[in-house]
Amino acid sequence: MKKYISLLLSIIVCLTVFAGCTKSGSDSEYVITMDSHYDYVNDTAVRSYEKLCNAVINGEEEVRFNTAHMDEINQLFYTCFPLYPLVESIDILENNTGVGIKYKNDMDKHTELVSQFNDKISDIMKECRYSKVSTDEYIFNVYVYITSNFKIDSSIFTTFDTVVEGKGYNASINSLFEYLVLRGGGKASHIISSTGSNIMSMVNFAGKSYFFDPAKEIEINSGTALVYFAMDTSRAAGIFLYTDNTDVEKIEDDSFSKLALSESYTVKKSTVTVQCSDESEFVFNLN
């Protein structure tokens, strides 16, 4: 347990990935999501997590739920909810019937920030043709959008600030990728190297799980290629853990291994044609 707490605290500043929904001050809905790995968490803790998130979205100062599951609730809140940076503190009420919430900003500013974040997410999802294309094509579009429009900035640590600023630390950019995948109905998890040297995403694509690292794509080629798209364990080159310190299963499917040689790509009618450094082409369809 001590090892888990230490790991969680060490990565909390650079994590934020994310079913229930509610209204913010925006015209669009804010959708609460949860890292796909945490499907095992008991229903009571998940419902309490959703209540806490809804309270923050609406700027409420107290929320009632079963605090006996506070460890699980905190784990979900600080690893799955991108608005947690707006919160100053969360304290269990004296009668243990819930928690009190203190915010970093006054309520007008808080509401404005929630709306700003949600509107930007909605704009990105629209740009990526959410609900107009298949889930796989939407995932591909999200990856391309992020690698084409976001920049690396090691001074910005959270997904919230990355969305607002259009730049961020590697982990926050990858967390944004996961959050958008989850918002689009896909499956995604945040993972960290067991050596602490690399942080990336695991996403279900084409019916199987693969590693993705859009931040590295930005860093290495400014999004002109797909070198870090749909990687197996060999390409990802690491031993990874989920954010609860459990082992990530080995991914052996190498259907997209040729992408390691990608230099550029084009997309036409849901078909991706990749130009590789060995002068060959690799083609795959976005079903």
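By convention here, each chain's residues receive numbers from 1 onward along its written sequence. Only residues with pLDDT of at least 70 are given local features in this predicted model, and only at 80 or more are side-chain atom pairs given and counted; all residues enter the totals for whole chains, interfaces and linings. Each side-chain value is worked out from all heavy atoms of the structure, with water and hydrogens disregarded.

Engineer: Teacher, can you tell me more about the environment of T233 here?
Structural biologist: Structurally, the position occupied by T233 is in helix α9 (residues 233-236). For the pair T233 and V248, spaced 15 residues apart in sequence, the C-alpha separation works out to 9.9 Å. In contact with T233, not counting residues within four places along its chain, are F211, G238, K250 and I251. Here a helix means four or more residues in a row that DSSP labels H or I, a strand means two or more in a row labelled E, and each is numbered from the N terminus. Here, two residues are considered to be in contact whenever any of their heavy atoms come within 4.5 Å of each other.

Engineer: What am I meant to see in the sheet that holds strand β4 (residues 87-92) here?
Structural biologist: For sheets, the rule is that strands pair by backbone hydrogen bonds, running either parallel or antiparallel. Two strands are counted as paired when DSSP detects at least two bridges linking them. Spatially, three strands are ordered β3-β5-β4 in an open sheet, and the strand pairing comes out antiparallel. Of all strands in the sheet, those with a lone pairing partner are β3 (62-64) and β4, marking the two edges. Along the sheet, successive strands turn relative to each other by an average axial angle of 20°, direction set aside. Inspection of the sheet shows β4 paired to strand β5 (residues 98-103) by five bridges, in the antiparallel sense. For S89, the partnering residue across the bridge sits in β5 and is K102. Interaxial angles span 0 to 180 degrees and are taken between N-to-C directions of axes, which are lines fitted to C-alpha atoms, for helices over the stretch in contact. In the packing of helix α3 (residues 70-80) onto the sheet, contacts are made with β4 and β5, and the angle to β4 comes to roughly 170°.

Engineer: Before we go on, may I ask you to explain unusual backbone geometry in this structure?
Structural biologist: Negative phi characterises most residues that are not glycine, and trans characterises most peptide bonds. Positive phi, close to 65°, is recorded for S270, a residue that is not glycine. Examined against the element boundaries, S270 turns out to sit in the loop between β12 (262-268) and β13 (271-276). The exposure class assigned to S270 is partly exposed, which follows from its relative accessible area of 24%. Buried means the residue's accessible area, taken with a 1.4 Å probe over protein chains only, is under 20% of the maximum for its type, while exposed means over 50%, and partly exposed covers the values in between.

Engineer: What is the right way to look at the sheet that holds strand β10 (residues 208-212) in this model?
Structural biologist: Taken in spatial order, the four strands of this open sheet run β10-β9-β8-β11, and their pairing is antiparallel. Both edges of this open sheet fall to β10 and β11 (240-242), since each of them pairs with a single strand only. Neighbouring strand axes in the sheet, compared pairwise and without regard to direction, differ in orientation by 35° on average. Examined bridge by bridge, strand β8 (residues 188-193) and β11 share three bridges and lie antiparallel to one another. Directly across from S193, in β11, lies its bridge partner F240. In the packing of helix α5 (residues 135-149) onto the sheet, the strands contacted are β9 (199-205) and β10, and the crossing angle to β9 comes to about 155°.

Engineer: It is not clear to me how the packing of helix α2 (residues 43-58) against α3 should be interpreted in this structure. Could you clarify?
Structural biologist: Helix-helix packing is characterised by the crossing angle of the two axes and by the distance between the axes. α3 packs onto α2 with a crossing angle of 50° between their chain directions and a minimal axis gap of 9 Å. Taken together, the axis directions place α2 and α3 in an arrangement best described as oblique. Judged by the sense of rotation from one axis to the other, the crossing of α2 with α3 is right-handed. Here A45, V46, S48, Y49, L52, C53 and V56 of α2 come into contact with α3, specifically with E72, I73, L76, F77 and C80. Residues are grouped as follows: nonpolar covers Ala, Val, Leu, Ile, Met, Phe, Trp, Tyr, Cys and Pro; charged covers Asp, Glu, Lys and Arg; every other residue, Gly included, is treated as polar. Residues belonging to the contact of α2 with α3 are distributed by class as follows: ten nonpolar, one polar and one charged. Note that the term roughly parallel is reserved for angles under 35 degrees, roughly antiparallel for angles over 145, roughly perpendicular for angles of 65 to 115, and oblique for everything else. Left-handed describes a crossing whose near helix is turned anticlockwise from the far helix through less than a right angle; right-handed describes the clockwise counterpart.

Engineer: What am I meant to see in α5 here?
Structural biologist: Each full turn of the α-helix corresponds to 3.6 residues, which orients residues three or four apart in the same direction. Take the number of residues in a helix, subtract one, and multiply by 1.5 Å to get its expected span. End to end, α5 covers 21 Å across 15 residues, agreeing with the expected 21 Å (1.5 Å per residue, within 8%). In terms of residue burial, α5 counts as a mostly covered element, since twelve of its 15 residues are buried. Burial in α5 covers these residues: D136, E137, Y138, I139, F140, N141, V142, Y143, V144, Y145, I146 and T147.

Engineer: Before we go on, may I ask you to explain the pattern of salt bridges in this structure?
Structural biologist: Opposite charge on two side chains permits them to pair, given that their charged atoms come into close proximity. Within this document, salt bridges are pairs made up of a side-chain nitrogen of Lys or Arg and a carboxyl oxygen of Asp or Glu, the two lying within 4 Å of each other. Scanning the model with the defined rule gives six salt bridges in all. With a closest N to O distance of 3.6 Å, K167 and D153 form a salt bridge. Within this pair, whereas K167 is found in strand β7 (residues 167-168), its partner D153 is found in the loop between β6 (151-152) and α6 (159-165), the two being separated by 14 residues in sequence. Put simply, K208 and D253 hold a salt bridge, and the shortest N to O gap is 2.7 Å. Taken together, the positions of K208 in strand β10 and D253 in the loop between β11 and β12 put the pair 45 residues apart, joining distant regions of the chain. A relative accessible area of 40% places K208 in the partly exposed class.

Engineer: Looking at this structure, how should I read the side chain of H37?
Structural biologist: Secondary-structure assignment places H37 in the loop between β2 (29-31) and α2. A polar contact is formed between the side chain of H37 and the side chain of T246, at a distance of 3.3 Å. For H37, the contacting residues outside a window of four places in its chain are S189, Y242, D244 and T246. Any pair of nitrogen or oxygen atoms within 3.5 Å is treated as a polar contact; in protein, a donor-acceptor pairing is required on top of that, and neighbouring residues in sequence qualify only through side-chain atoms on both sides.

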